[in-house]
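Residue-level structure breakdown
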Amino acid sequence: MKQKTLVPYMFVGPAVILFSIFMAYPIIYSLILSFQSGQGSNLEFTGFDNFQRLLSDDIFITALKNTFILLIVQVPIMIFLALIIANLLNSALLKFKGVFRVSFFLPAVTSLVAYSIIFSIMLMNDGVVNQVIAAIGLDRIPWLSDPFWAKASLVIAMTWRWVGYNMVIFLAGLQNIPEELYEAASMDGASKIRQFFSITIPNLKPVILFTTILSTIGTLQLFDEPFVLTNGGPSDATLTIGMYLYQTGFRFFDFGYASTIAYVIVILIAVMTFIQFKVTGDQE
Amino acid sequence: MKKNKTTKRILLYIALIIGALVSLFPFYWAAIGATNTSGSMFSQPPTLLPGSMLMENIRNLNESIGIGRVMFNSLFIAVTYTVLALFICTMAAYAFAKFNFKGRNVIFTIFLLSMMVPYHATIIPLFKMMAALNWLNTYQAVILPNLAYPFAIFLMRQNLLAFPTSLIEAARIDGAGEWKIFFRIVLPSMKPALAATAIFLFLYQWNSFLWPLIALSTTDMYTFPVALSTLFGLSRIDYGQVMAGVTIATIPIIIFFLLLQRQFISGMLGSAVK
């Protein structure tokens, strides 16, 4: 009988050991590091100095602002587009649904680095996007060299990559909305657009909350895209917190300060998730 | 009324076809770029047809990053990781789903909470740890850190909860050992969930960038994302070469996806959707 009680520990053991070494320990260690400062391995405790340094660090403030601008602009655009496409794909009038679904989902399969490279090449000054714009007779857009347009480029690229992913989640959510609701609304003469806003969106609220939280967490950690697409430029216009963490830690080897930045991301994610739960409220 | 419906249908198709083209164009563009010269990507009017430079681009790419080696690194790391992680996570999930033991809820809650902590919070201690072990620039430095992937444990646990406990008990009465029950009775009925989780783990590792970028330092150890990003960071970029690299790194995943669409989507969404 004694042997039997050991069985579950045998199954869970490897995961617990690996988790403790490679997750739990680093998480705690970087919390300690965030109160230390110095170069490389010469670290000493400096209390809240790092946190104070953050407040007067213009580059950090810029990175924070950039990350939030991207978050506030990109996430709603993407979620809204995904909702619309999911709705269109759900239409009874449509054939070849599978083909469309695959086409929209395909970007989500590509690696972040690969798609960032493709977009970077397409958006260069004499790249294909500007060629088309010039062909229509409009002015070329300085996609990657202007602070505003560089952010817009990131938003466009990220939206391209993630719309299909969110769309598939919404499509699944749509299957759970009872058909009768729409039938009743049609009988009462509600237009399709009206139905979208007063039936589809309220019924999908939990799913929308779920995708919004996922996207928020992803955007707060954003690294791959700005690293490849714009390298944070021009003049830090697309520098994100994730990139600043990387630069501080692995270009300047200031591990203490970089850990402080990491914990800022941890706190931001916790706060944003909490707010989103509160705002959408009522369900648990 | 009928006419109204036809126009609606046409508008619907037009909107979706435009959307699908936008979605697919970058893939086409990358493939075309891989077969053309560096300059043709910026020619006026744009080159939209395949050229004859594919072999040359691949040869140049091979000279700069060593395609075979990078492909081997990427595959070796992703496959080893997937097999080990799937095994470790499923075992843990099985314990959480089908056993009552002291500390179960505490451990499970800690796993769940850790999903909220961004990866960034671990990379600096991980880097110091790997440096101390002299493991920087090795395969194990990339493979080990996320083997106990909390989300994969969570996913498998959800699926295992649905497995009838009575079958496990019946097997115990028949005298089957615990490992035999796990491998011969439980796992075979979990194939769809295992496939989805495996795809999730594989993609995670195949596309992973920040940690490999930090942990790997020489070209012969690079994975695709790291090799491509260094190639793209050079001062003189050969775009034909870069596009060939992007295409080679993407094609296997697309084929894999088209073959296993259903499992793939549920794997990527973390089986949140069936």
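An unreviewed UniProt entry lists chain B under the name Carbohydrate ABC transporter permease, from Jeotgalibacillus terrae. Of chain B, the UniProt comment under Subcellular location (unreviewed entry) reads exactly: "Cell membrane". Taken verbatim from the UniProt record of chain B, the Sequence similarities (unreviewed entry) comment is "Belongs to the binding-protein-dependent transport system permease family."

Per an unreviewed UniProt entry, the recorded name for chain A is Carbohydrate ABC transporter permease, and the organism is Jeotgalibacillus terrae. Note on chain A: under the UniProt heading Sequence similarities (unreviewed entry), the record states "Belongs to the binding-protein-dependent transport system permease family." In its Subcellular location (unreviewed entry) section, the UniProt record describing chain A reads: "Cell membrane".

Along chain B, the regular secondary structure elements total 14 helices and zero strands. Helices and strands appear in chain B in the N-to-C order α-α-α-α-α-α-α-α-α-α-α-α-α-α. Taken over C-alpha atoms, the radius of gyration comes to 24 Å for chain B, far larger than the 19 Å a tight globule of 274 residues would show. Each of the three principal axes of chain B carries a C-alpha extent, and together these read 75 × 70 × 35 Å. By residue count, 43% of the 274 residues in chain B fall in the buried class. Intrachain contacts of chain B at a sequence separation of at least 6 include 75% that bridge at least 24 residues.

Residues and elements named next belong to chain B. Under the domain assignment used here, chain B contains domain 1 (1-65 + 234-256) and domain 2 (66-221). Across the boundary between the two partners, domain 1 contributes five residues, which contact five residues of domain 2. Mapped by element, the contributors of at least two residues to the side of domain 1 that touches domain 2 are α2 (54-65) and α13 (239-259). Per-element accounting of the side of domain 1 that touches domain 2 gives the leading share, three residues, to α2. When grouped by side-chain class, the residues that make up the side of domain 1 that touches domain 2 number four nonpolar, one polar and no charged.

Quick look at the nonpolar core now. Counting 156 residues, the largest nonpolar core has Ala15(A), Ile117(A), Ile118(A), Cys89(B), Ala92(B) and Leu228(B) as the members making the most contacts within it. With 14 residues, the single largest contributor to this core is helix α3 (residues 67-98) of chain B. Once residues lying within four places of it in the same chain are set aside, the contact partners of Cys89(B) are Ala15(A), Ala148(B), Tyr149(B), Ala152(B), Ile153(B) and Met156(B).

UniProt's feature table lists "domain: ABC transmembrane type-1" (unreviewed entry) at residues 71-260 of chain B, given in the numbering used throughout. Overall, residues 71-260 of chain B shows 74% helix and 0% strand. The separation of its end C-alpha atoms is 21 Å.

Our focus in this paragraph is unusual backbone geometry. Negative phi values dominate among residues other than glycine, just as trans dominates among peptide bonds. Within the chain, Asp236(A) stands out as a residue other than glycine whose phi angle is a positive 65°. Here Asp236(A) shows up in the loop between α11 (224-229) and α12 (241-250). Look at Asn134(B): it is not a glycine, yet its phi comes out positive at around 60°. Of note, Asn134(B) is situated in the loop between α5 (120-132) and α6 (139-143). For Asn134(B), a count of 9 C-beta atoms within 10 Å gives the class exposed.

For the rest of this paragraph, the subject is the environment of Tyr257(A). Residue and element names in this part refer to chain A. Among the structural elements, Tyr257 can be located in helix α13 (residues 255-280). A residue is classified by how many C-beta atoms lie within 10 Å of it, and Tyr257, with 26 of them, is buried. Spatially, the C-alpha atom of Tyr257 lies 37 Å from that of Phe80, the residues being 177 residues apart in sequence. Contacts of Tyr257, omitting those with residues within four sequence positions, involve Ser37, Asn50, Arg53 and Thr248.

To continue, consider the UniProt feature "transmembrane region" (unreviewed entry) in chain B. Residues and elements named next belong to chain B. According to UniProt, the positions carrying the feature "transmembrane region" (unreviewed entry) are residues 12-32, 70-94, 106-127, 147-169, 181-203, 209-232 and 239-260. The distance from the first to the last C-alpha atom of residues 70-94 is 35 Å, and the span holds 100% helix and 0% strand. Across residues 106-127 one finds 77% helix and 0% strand; the C-alpha atoms that close the span lie 28 Å apart.

Definitions and cut-offs
- Within each chain, residue numbers correspond to sequence positions counted from 1 in written order.
- All chains are assigned letters beginning at A, and all ligands numbers beginning at 1, according to the order in which they are written.
- Given that the model is predicted, a residue must reach a pLDDT of at least 70 before its local features are reported, and side-chain atom pairs must reach 80 or more before they are shown or counted; all residues, however, enter totals for whole chains, interfaces and linings.
- UniProt positions are given in the numbering used here, feature names are shortened, and annotations may be inferred rather than shown by experiment.
- The helix and strand labels rest on DSSP assignments: H or I over at least four residues marks a helix, E over at least two residues marks a strand, and numbering proceeds from the N terminus.
- C-alpha atoms define the radius of gyration, and 2.2 Å times the number of residues to the power 0.38 defines the globule rule.
- The exposure label follows from counting other C-beta atoms within 10 Å of a residue's C-beta, where the C-beta atoms are placed from the backbone and the thresholds are 20 or more for buried and 12 or fewer for exposed, leaving partly exposed in between.
- By the convention adopted here, residues are in contact when the distance between their C-beta atoms, placed from the backbone, does not exceed 7 Å.
- Annotation comment: domain bounds sourced from an automatic or database domain assignment.
- Three categories are distinguished: nonpolar for Ala, Val, Leu, Ile, Met, Phe, Trp, Tyr, Cys and Pro, charged for Asp, Glu, Lys and Arg, and polar for the others, with Gly belonging to the last.
- Each nonpolar core comprises buried Ala, Val, Leu, Ile, Met, Phe, Trp, Tyr and Cys residues, the members being joined through C-beta atoms within 7 Å.

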